[in-house]
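# Architecture and fold: a report
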Amino acid sequence: MSISLRDAVHADLPAIRDIYNDAVLNTTAIWNEQPVDLGNRQAWFSSRQAQAYPILVAVENDEVIGYASFGDWRPFEGFRYSVEHSVYVRNDQRGKGLGPLLMQALIERARACGKHVMVAAIESGNQASIRLHERLGFITTGQMPQVGIKFGRWLDLTFMQLTLNPGAQPPKE
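Because the structure is a prediction, the values reported are computed rather than measured. (Residues numbered from 1 in each chain as written. Predicted model: local features only at pLDDT ≥ 70, side-chain atom pairs only at ≥ 80, totals over all residues. Heavy atoms only, no water.)

The next thing to look at is the pairing of strand β3 (residues 63-72). Within β3, eight of the 10 residues are buried, which leaves the element mostly enclosed by the surrounding structure. In this sheet, β3 lies alongside strand β2 (residues 55-60) in antiparallel orientation, the contact comprising six bridges. Paired with V57 across the strands is Y67, a residue of β3. Where β2 hands over to β3, the hairpin turn is made up of two residues, of which N61 adopts a positive phi near 50°. (Buried < 20%, exposed > 50% of the residue type's maximum accessible area, 1.4 Å probe, protein only. Helix = DSSP H or I, 4+ residues; strand = E, 2+ residues; numbered from the N terminus. Pairing = 2+ DSSP bridges.)

Right, dumping it as structure tokens:
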């Protein structure tokens, strides 16, 4: 398997949309219930670019097989050093090590742009994602029972976080 990581380009958006929509329709990784169109992914791409936030893609044989990004955790100034991330792998590529590969690169990007904390919000039944985050140094910081619904059942949310620069002092304002 020869996989490379790179920054996403507009031409990657149909594949990103397809990976996203598969997660919408078939998993509890995304709590949306309706697939999105290409315009939605173009707006998302433009928003990330405007904020200088990365969208990384994993590519094999010129095909996008996974992607990762982060954005503001909350839209208030006091949270400007915290980001929430997402990582999605094409359904036929899961379990092959793409998640850790994308996550490690994303963590480095967050450090490089001066972020202090990376937040993960994971459906509590997604033990594979929770274990991946634990292996990367994330700690569980909260559990929120029955805050979501999908596929006719209540969903619990696990919050995890990684301090990107332990011991760093807050920037001078």
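Text resumes after the structure shown.
According to the stated counting rule, one finds seven salt bridges in the structure shown. We note a salt bridge from D12 to R6, for which the minimum N-O separation is 2.7 Å. Using a relative accessible area of 6% as the deciding quantity, one classes D12 as buried. Notably, a salt bridge pairs R17 with D18, separated by 3.1 Å at the nearest N-O pair. One connected set of salt bridges, linked through shared partners, spans E63, R90 and D92. (Salt bridge = Lys/Arg side-chain N within 4 Å of Asp/Glu carboxyl O.)

To continue, consider the UniProt feature "domain: N-acetyltransferase" (unreviewed entry) in the protein. Annotation from UniProt places "domain: N-acetyltransferase" (unreviewed entry) at residues 3-165. The span residues 3-165 shows a helical share of 31% and a strand share of 36%, and its end C-alpha atoms are spaced 28 Å apart. (UniProt positions renumbered as here; feature names shortened; annotations may be inferred.)

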